[in-house]
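Next come the chains, spelled out residue by residue.
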Amino acid sequence: MEDLSRKASQHNAEIWDKLVAMKSGFTATVSARALNNPLPYINIYQWLPKGVQGRRVLCLGAGGGKHAPLYAAAGADVTVVDISEAMLEKDRIMAERYDFRIRRLQRCMTDLHGLMEKEFDLIMQPVSSCYIQNIEGLHREVARVLKPGGLYIVQHKQPFSLQTTPKPECGKYAVEVSARYQGKLPPIDGSEHRESGAMEFLHTLEALVGGLCRHGFVIEDLREPWHGKADALPGSFAHRCEYVPPYLAMKARRRIDSGIAISPIIADSE
Ligand SMILES: C[S@@+](CC[C@H](N)C(=O)[O-])C[C@H]1O[C@@H](n2cnc3c(N)ncnc32)[C@H](O)[C@@H]1O
């Protein structure tokens, strides 16, 4: 697994650098309008009712000048980790443009060396776990650098979506990969569900959800962001989403001890 993991992170760093050079929509930075009022963007499910002012936030696998600037605009002390130099450069440019302090680290999310134990109040991770094979390593590092009582807000590509063909064939989407498939996923020619050229991996719900619980987290909420549209054109993003939910968003809290989390760092009500 180690060899493939190393190969995947080098490969995906190059792919994301290329996507930046191509000005792909996947690498768009946040708008000035959103930065003027960032909370609705970072608090879509009301998981952060008290905001993040003064909180230490890690934006993980989250380069690109979107998430880190949003959290900085909301008053957080932000660190962003990403494997792609070009994606991190976008955060540097945004920080300079808007006068934010954003610490940038080029790292694989499964090896957060240089970050201290219990350093963060909140870790947010947009869709990026699909680019690593070692989900256990990710959970171990997240548990290490998050304070007890702290929140881990993460979005994944749904396993079922990664198992399913990007386009309908004879009007139907087909499941083409086994639920326990472990190698790199078959390449695709680019879709809104998967970036073309990237090396991606399938993780079961047992690994994504159960794995977090086994690393000392309590799942407080779980959503399937809805992007479907019943009358969408067959083959379009919205049409596929009507049949195959693309994402899974989770709010997980690191337990204080072996029991349920108490005195949370980022509380729902204080
Ligand atoms: C879908 S983008 C997420 C951030 C993007 N700005 C957005 O709008 O959602 C996925 C990010 O994961 C990063 N990534 C891929 N493999 C990674 C790894 N092994 N460790 C850390 N980041 C990784 C990519 O460089 C890319 O910036």
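Each remark here, short or long, concerns the structure printed above.
Computed from a predicted model, the values in this text were never measured in an experiment.

Draft legend 1. Spatial organisation of the pairing of strand β3 (residues 102–106). Summarising the sheet, strand β2 (residues 77–82) and β3 pair through five bridges and their orientation is parallel. Its bridge partner lying in β3, Val80 is registered against Arg104. Crossover connection from β2 via helix α5 (residues 85–98) to parallel β3: handedness right-handed.

Draft legend 2. Local environment of the sheet that holds strand β1 (residues 56–60). Read across the open sheet, the seven strands follow the order β3-β2-β1-β4-β5-β7-β6; overall the sheet is mixed. The sheet terminates laterally at β3 and β6 (217–223), the two strands that pair on one side only. Strand-to-strand twist in this sheet, taken as the mean axis angle between neighbours without regard to direction, amounts to 15°. The pairing of strand β5 (residues 146–157) with strand β7 (residues 247–254) spans seven bridges and is antiparallel. Note on β7: the bridge partner recorded for Val154 is Met250.

Draft legend 3. Structural context of the pairing of strand β4 (residues 120–125). With six of its six residues buried, β4 lies for the most part within the structure. Each parallel crossover has a hand, and for β4 linked through helix α6 (residues 135–145) to β5 it is right-handed.

Draft legend 4. Fine view of the site of the ligand. Around the ligand there are 18 residues in total, and Gly63, Lys66, His67, Asp82 and Met109 lie nearest to it. One of the backbone nitrogen or oxygen atoms of Gly63 is found 2.7 Å away from a nitrogen atom of the ligand. Here an oxygen atom of the ligand and a side-chain polar atom of His67 are 3.2 Å apart. Against a free-state accessible area of 590 Å², the protein chains account for coverage of 95% of the ligand.

Draft legend 5. Spotlight on the pattern of salt bridges. Using the criterion set out here, one finds 14 salt bridges in the structure. The closest approach of N and O atoms between Glu141 and Arg144, which form a salt bridge, is 2.9 Å. Residue Glu141 and its partner Arg144 are both found in helix α6; the two are separated by three residues, about one turn of the helix. The exposure class of Glu141 is buried, given its relative accessible area of 8%. Residue class for Arg144 comes out partly exposed when judged on its relative accessible area of 26%. One salt bridge in this structure joins Arg223 and Asp221, with 3.1 Å as the shortest N-O distance. Connected through salt bridges with shared partners, the residues Arg56, Asp77, Arg103 and Glu119 form a single ionic network.

Draft legend 6. Fine view of unusual backbone geometry. Despite not being glycine, Lys23 shows a phi value in the positive range, around 55°. Residue Lys23 is classed as exposed on the basis of its relative accessible area of 72%. Of note, the phi angle at Asp99 is positive, near 60°, even though the residue is not glycine. Note on placement: Asp99 falls in the loop between α5 and β3.

Draft legend 7. Spatial organisation of the environment of Ser5. Relative to the assigned elements, Ser5 resides in helix α1 (residues 2–21). For the pair Ser5 and Ala249, spaced 244 residues apart in the sequence, the C-alpha separation amounts to 24 Å. If we skip the residues at most four places from it in the chain, Ser5 touches Gln133 and Asn134.

Parameters at a glance
Residues numbered from 1 in each chain as written. Predicted model: local features only at pLDDT ≥ 70, side-chain atom pairs only at ≥ 80, totals over all residues. Heavy atoms only, no water. Pairing = 2+ DSSP bridges. Helix = DSSP H or I, 4+ residues; strand = E, 2+ residues; numbered from the N terminus. Right-handed = clockwise from strand over helix to strand, strands pointing away. Axes fitted to C-alpha atoms, helices over the stretch in contact; angles between N-to-C directions. Buried < 20%, exposed > 50% of the residue type's maximum accessible area, 1.4 Å probe, protein only. Near = heavy atom within 4 Å. Polar contact = N/O pair within 3.5 Å; in protein donor to acceptor, adjacent residues only side chain to side chain. Areas by Shrake-Rupley, 256 points an atom, 1.4 Å probe, with all protein chains shown as cover. Salt bridge = Lys/Arg side-chain N within 4 Å of Asp/Glu carboxyl O. Contact = heavy atoms within 4.5 Å.

As far as function goes, none of this settles anything; it's purely spatial.
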